[in-house]
Amino acid sequence: MGAHHQGEARRLRALALIGVALLSTSVLAGCANSARKVSQITTNAVSRDASRSLDTLSAPELQQAAQSTGQAYARDPKDRATAMRYSTLLQMNGQSDQALAVMRKLAIDYPKDREVLAAYGKALAAAGELKPALDAIRRAQTPEYPDWRLLSAEGAILDQLGEAEQARALYRKALSIQPNEASVLSNMGMSHLLEGDLQTAEKYMRQAAGSPGADSRVRQNLALVIGLQGRFSDAEKIARQELSPEQAEANVAYLRAMLAQNNSWAQIASEDKRRNQ
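This write-up is about the structure you can find in this document. In this text, all values refer to a predicted model and were calculated from it rather than measured experimentally.

### Some details on the overall build of the protein chain
- Along its length, the protein chain carries 16 helices and zero strands.
- Counting only residues that meet the buried cut, the protein chain has 53% of its 277 residues in that class.
- For the protein chain, the exposed surface amounts to about 12,400 Å²; the carbon and sulfur share of it is 49%.

Quick look at the structure:
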């Protein structure tokens, strides 16, 4: 990849992370700041059941949920499910440092719990501590009985470290254990998106969205990659399935504004199309 493409890949990475934060919380204000703290699609490292109902909450609703869950956490900090949900809510509210503190304590209380360690790794990654995050994920893994969730989480962190080939090898391994898993396919799609290969990214995102168990975040990531190609009406149609019309319109308008800032976005899509002809 040449210097020009490396620069555009970095821009795509920044916009992708902004898009993930935007599509997950529908909060425009302060989006760029919180996006730096959002882990790629390592959302899988947190229990899906603990976060599924949070996907379409508005910003005030997220804040209220964090407050009430925080009160429950204060009563019993060792309650595993409550602590993990609280950490997820804190991350969605942009409070990555506090989310990390919650997960660090929980990891001390549950040092052999692989799901806790994976969530701890996610919290580290969201706080920008990628190498410690990688260490936490790898410590949680059992090589003789590999956990596909941990393989996917490790891959997501490696993608953020710029190790795309290693990351994709882990996604393929995860898919060999858990075929057609939506979260892993979505991670694979994001891996290609971060390198500017939007068509391949869309292929994986569509597979993910059509797979059993696909949640709102997976479908919103499909909307993101379609929007990045300038197909705003298609992106808004997908976003409207789970967001309010106002939220979906705001998300697409934000992406449109970001793309309009630099003509090179169109060049990426054009070059990507030529490469795949």
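Okay, back to it.
### A few points about the nonpolar core
- Grouped together as the largest cluster of nonpolar side chains are 45 residues, with contacts concentrated most on M103, Y120 and I157.
- Contributing elements (two or more residues each) for this core: α5 (80–92), α6 (96–109), α7 (114–126), α8 (130–140), α9 (148–160), α10 (164–177), α11 (182–194) and α12 (198–209).
- Among the elements that take part in this core, α7 stands out by supplying eight residues, more than any other.
- The residues touching I157, leaving out its near neighbours within four places in the chain, are G121, A125, L130, A133, L134 and I137.
- The next biggest cluster of nonpolar side chains, apart from the first, holds 18 residues, and it includes L193, V225, I226 and L228.

### Points about the packing of aromatic side chains
- The tally for this structure, following the rule as stated, stands at one aromatic pair.
- Measuring from centroid to centroid gives 5.3 Å for Y73 and Y86, while their planes differ by 35 degrees, and the two rings are tilted. Here Y73 is found in helix α4 (residues 59–75), whereas its partner Y86 is found in helix α5, with 13 residues between them in sequence. Residues Y73 and Y86 agree in their burial class; the two are buried.
- It is K203 that lies over the ring of Y204; its NZ or CZ is 4.8 Å from the centre.

### Some thoughts on the packing of α11 against helix α13 (residues 216–228)
- Viewed as axis vectors pointing N to C, α11 and α13 meet at an angle of 20 degrees, and their least axial separation amounts to 10 Å. It follows from the interaxial angle that α11 and α13 lie roughly parallel. Once α11 is placed against α13, the crossing between them reads as left-handed. Mapping the contact onto sequence places A182, S186, M190 and L193 in α11 and V218, N221, L224, V225 and L228 in α13.
- Classifying every residue of the contact of α11 with α13 gives seven nonpolar, two polar and no charged.

### With respect to the pattern of salt bridges
- Using the criterion set out here, one finds 14 salt bridges in the structure.
- A salt bridge links E165 to R168, with the shortest nitrogen-to-oxygen separation between them at 3.7 Å. One end of the pair, E165, and the other, R168, are both in helix α10, three residues apart, so they sit about a helical turn from each other.
- Taking the shortest distance from any N to any O, the salt bridge between D234 and R231 comes out at 3.7 Å.

### A look at the environment of Q95
- Residue placement: Q95 occurs in the loop between α5 and α6.
- With relative accessibility at 33%, the residue Q95 sits in the partly exposed group.
- Note: C-alpha distance between Q95 and A127 (32 residues apart in sequence) is 9.0 Å.

Criteria and thresholds
Numbering of residues starts from 1 in each chain and follows the order in which that chain's sequence is written. It should be noted that, the model being predicted, local features are given only for residues of pLDDT at least 70 and side-chain atom pairs only at 80 or more, the latter also being counted only at that level, while totals for whole chains, interfaces and linings use all residues. As a rule here, side-chain values cover all heavy atoms of the structure and leave hydrogens and water aside. Here a strand is any run of E in DSSP of at least two residues, a helix any run of H or I of at least four, and the numbering for each starts at the N terminus. When accessible area is computed with a 1.4 Å probe and restricted to protein chains, residues below 20% of their type maximum are described as buried, those above 50% as exposed, and intermediate ones as partly exposed. Computed with the Shrake-Rupley method and a 1.4 Å probe, the accessible areas treat only the protein chains shown as cover for residues. Throughout, nonpolar core names a set of buried Ala, Val, Leu, Ile, Met, Phe, Trp, Tyr and Cys residues whose side chains join them through atoms within 4.5 Å. Here, residues are in contact when the closest pair of their heavy atoms is within 4.5 Å. For Phe, Tyr and Trp, rings pair up if their centres lie within 6.5 Å, where Trp contributes its six-membered ring, and each pair is then called stacked (planes under 30 degrees apart), edge-to-face (over 60) or tilted (otherwise). Working rule: Lys NZ or Arg CZ, within 6 Å of ring centre, within 35 degrees of ring normal, means a charge sits over the ring. For helices, the fitted line uses only the C-alpha atoms of the stretch in contact; every axis is such a line through C-alpha atoms, and the angle between N-to-C directions lies from 0 to 180 degrees. Roughly parallel means an angle under 35 degrees; roughly antiparallel means over 145; roughly perpendicular covers 65 to 115; every other angle is labelled oblique. Crossings are assigned a handedness: left-handed for a near helix turned anticlockwise from the far helix by less than a right angle, right-handed for a clockwise turn. Three classes are used: nonpolar for Ala, Val, Leu, Ile, Met, Phe, Trp, Tyr, Cys and Pro, charged for Asp, Glu, Lys and Arg, and polar for all others, with Gly counted as polar. Salt bridge, as used here: a side-chain nitrogen of Lys or Arg that lies within 4 Å of a carboxyl oxygen of Asp or Glu.

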